[in-house]
Structure formats: C-alpha cells, structure tokens
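Chain and residue survey
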Amino acid sequence: MNTIKCFSFFVCLLLISRLVPHPPNFTPLIAGLVFLPFILQNKKMIFTIPISVLLISDLIIGFHSHMLWTYGSFLLIGLGVLKFFQQSLMRLSIMSVMAPTLFFIITNFGVWMNTSFYSKDLIGLTECYILAIPFYANNLIATISFALVFYVIWNFFNSLRRPSLTK
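In what follows, the accompanying structure is described.

Definitions and cut-offs
Residues numbered from 1 in each chain as written. Predicted model: local features only at pLDDT ≥ 70, side-chain atom pairs only at ≥ 80, totals over all residues. Heavy atoms only, no water. Phe/Tyr/Trp six-rings, centres within 6.5 Å; stacked < 30°, edge-to-face > 60°. Helix = DSSP H or I, 4+ residues; strand = E, 2+ residues; numbered from the N terminus. Buried < 20%, exposed > 50% of the residue type's maximum accessible area, 1.4 Å probe, protein only. Expected span 1.5 Å × (residues − 1). Arc of directions from axis to C-beta. Patch = residues over 30% accessible without salt bridge, like charges linked within 9 Å, V, L, I, M, F, W, Y side chains within 5 Å. Areas by Shrake-Rupley, 256 points an atom, 1.4 Å probe, with all protein chains shown as cover. Salt bridge = Lys/Arg side-chain N within 4 Å of Asp/Glu carboxyl O.

What about the packing of aromatic side chains?
Under the definition given, this model contains 16 aromatic pairs. Ring geometry for Phe104 against Tyr129: centres 5.4 Å apart, planes inclined by 50°, an arrangement best described as tilted. Of this pair, Phe104 sits in helix α5 (residues 89–114) while Tyr129 sits in helix α6 (residues 122–131); the two residues are 25 residues apart in sequence, bridging distant segments of the chain. Of the two residues, Phe104 and Tyr129, neither departs from the other in class, the shared state being buried. Each ring, one from Tyr151 and one from Trp154, has its centre 6.0 Å from the other, and the planes form 40°; the classification is tilted. Of this pair, Tyr151 and Trp154 both sit in helix α7 (residues 133–161), 3 residues apart, which is roughly one turn of that helix. For Tyr151, a relative accessible area of 14% translates into the label buried.

So this is what it looks like as structure tokens:
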C-alpha cells in the first residue's frame, strides 16, 4: 500500500508541476521520467506515466503545435532510461544530463522545422538552438536538481524500511 501512495504522490507532483506557475522549462517532469525505474516494478509504465501527465496537463493548459516533438522526445528518453537504467547515483546523474539534452535537441529541431520564425537553413537552425539555450539551462538545472532530490528522498525512505543493525 505504501508503494501505491508513493507512486500516486509522485504522479500528482509531476502533474501539478506543469500546472502551477514556474520558470520556463523548470519542472521535475524529465527528472521524474529518469527516476521512475527506481520506484516502479513494471518498467513499461515508464512510458505511460510521463505521456499521461503531459496529456492531462495539456488538456488543461492547452495543446500546442510542437506536441509531436515533445511527446516523441519523452518516448525516446524513456527508451534510453530503460536501456541504461541502474540503481546508482552515477547512472541517474548521467541520465539527468542526457535526457534534457536530448529533449533540447529534438524539440528545438521541431520548432525550427514547424515555424516560420527561423530561416530553413543552417543559420536558422543555429539561431533556433542558440535562442533556446536559456530554456535548456532551466531544464538541465531542474532535471539534475529534482532527480537528486528524488534520489535523496528515496534513499531516506528506503533506509527507514531496512531493519536497523543496532536494535
């Protein structure tokens, strides 16, 4: 029952994080995706939870023209998490850098492809990526920070469940 409560709390936290005011791209959503294998027994849920959170929150805040790129990047990040997951802080740290980087590359390519803001050449693509660096920085800092917080909390509660050797 505690696992269900923990899982429900985690999903609600991710959902609420997209709905409350926050700096652009500063949410725990990618960190949640990277961290989910630590708390899930069913690894297939790694895909459904973040996509469900995105879909539910997009129903509330509104759909956008770059959803294919956003959702697609989450699916690719989920595949990477499944492939490279280990319950270690080092692996979590690596994925916490790689995931927002992949998100940045994919979603900004989508912005460049699907808008008329940028010329459809290397200069326009470069400009798109350069102008998105502040969003990437927010996403990277948020992912690393939230993943670390999730890991510390997870370790703390796991230590409470283990029997003490001093008793």
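Observations regarding helix α2 (residues 29–39)
The element α2 is largely enclosed, with a buried count of 11 among its 11 residues. When we look at burial in α2, the residues that qualify are Leu29, Ile30, Ala31, Gly32, Leu33, Val34, Phe35, Leu36, Pro37, Phe38 and Ile39.

Brief notes about helix α3 (residues 45–61)
If you check α3, its first and last C-alpha atoms are 24 Å apart, about what 17 residues at 1.5 Å a residue would give, namely 24 Å. Those residues of α3 that sit buried are Ile46, Ile49, Pro50, Val53, Leu54, Ser57 and Asp58. The arc that holds every buried residue of α3, seen down its axis, measures 155°, which confines them to one face. Just downstream of α3 lies Gly62, where phi reads positive at about 115°.

Examining a nonpolar patch on the surface
Taken together, Leu19, Leu55, Ile56, Leu59, Ile60, Ile61 and Phe63 make up a surface patch of nonpolar side chains, about 660 Å² in accessible area. A total of 5 residues in the nonpolar patch trace back to one element, the largest contributor, which is α3. Looking at the element boundaries, Ile61 is found in helix α3.

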